[in-house]
Amino acid sequence: MEWNDVRVFLAIARTGTLGAAARSLGQSQPTMGRRLRALEQSVGQVLFQRTADGFVLTDEGSTVLSHAERIEEEALAFQRRLAGQDNHLEGVVRITSSDWFGAHMLTPVLAEFAQRHPGVEVELLTSAIHYSLSRREADMAFRIRPFEEPDVVSRRLLHIEYGVYIRADLPRPVAGDGAGAALVTMDEAFSGMPDAVWLRKLLPNARVVSRSNNRDVQGRLCEQGVGVAVLPRPLGDALPGVDLIDLGEAPPGRDTWVGYHRDLKRLARLRALLDLVIERLAGVRER
């Protein structure tokens, strides 16, 4: 595969249409179509599925993608070295995390990274859904459980403490009882989470008045006086008018793990982002 073929392939993979890919490379749409057909014939594989919504990578195309991005990174590094600009990173890094972790833990790091490397576009996907690193749905992921995929490189990033919160003007619940108290907790699908189980154990007679799988939503409900909530300390401590309360024991905290596909180990822009994440977050809330 020649470098020009790599550029065509990556442009279509990233934009999803021939028209957008053509504009990004300064080519015409018919030219891009011809070059894609020639590329697929040369490798003997169909790399994209043509759909009504655009071009979607086939399994073979997904396999080619990681190799193509490494070729791109090496070509760009070669160009930068010749131009004396080896510190100028370019390209896209797609990362995924839970909603609250992305909003409260990652955004300050991403803002600093954008200042350091304005040529790198970081796409943050926040969702309870696990995007697959193996299928390249994301380049880097942050999860509360260790990664089990054999082709993923991972490490424990940090341990986050959790706390119990209530609006400052509301009466404190009594540990071991909770009668009269209202609870804001996880939705039924996540009712087995350690902090949700712990809260029901400490306040068995309290009533659940609101559920959500979004920690930010739980925090806002707690701030509005709806009820008691167990929240990650970086989120709960920042809520105005809300107090951290003591029920005799601390709720269980959670570890956060970071992982990426092993094929991306030498991708300079991913390494730069990972190094900054580790520098800024490793050890946060470890007491």
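Scroll up to find the structure this text is about.
Residues numbered from 1 in each chain as written. Predicted model: local features only at pLDDT ≥ 70, side-chain atom pairs only at ≥ 80, totals over all residues. Heavy atoms only, no water.

Another point: the sheet that holds strand β9 (residues 207–211). With respect to topology, 5 strands assemble into an open sheet ordered β9-β8-β10-β7-β11, the strand pairing being mixed. Two strands bound the open sheet, and with one partner strand each, they are β9 and β11 (242–245). When strand polarity is set aside, the average angle formed by the axes of neighbouring strands in this sheet is 40°. Note: strand β7 (residues 162–167) against strand β10 (residues 228–232), 4 bridges, orientation antiparallel. Bridge pairing in β10 links Val164 to Val230. (Pairing = 2+ DSSP bridges. Helix = DSSP H or I, 4+ residues; strand = E, 2+ residues; numbered from the N terminus. Axes fitted to C-alpha atoms, helices over the stretch in contact; angles between N-to-C directions.)

Turning our eyes to something else, we now look at the sheet that holds strand β6 (residues 152–160). Spatial ordering of the open sheet is given by β4-β3-β5-β12-β6, a layout of 5 strands whose pairing is mixed. Each edge of the open sheet carries a strand with a single partner, namely β4 (120–126) and β6. Averaged over all pairs of adjacent strands, the angle between their axes in this sheet comes to 20°, without regard to strand direction. Pairing of strand β3 (residues 91–97) with β4, which is carried by 7 bridges, proceeds in the parallel orientation. Across the sheet, residue Gly91 finds its bridge partner in β4, namely Val120. Sheet contacts for helix α9 (residues 268–281): β3, β4, β5 (140–143), β6 and β12 (254–261); angle to β3, the most-contacted strand, approximately 40°. (Contact = heavy atoms within 4.5 Å.)

Now for the pairing of β9. With 4 bridges joining them, strand β8 (residues 182–185) and β9 adopt parallel strand pairing. Bridging across to β9, Leu183 finds its partner in Val208. In the classification by handedness, the crossover that spans β8, the intervening helix α6 (residues 194–202) and the parallel β9 is right-handed. (Right-handed = clockwise from strand over helix to strand, strands pointing away.)

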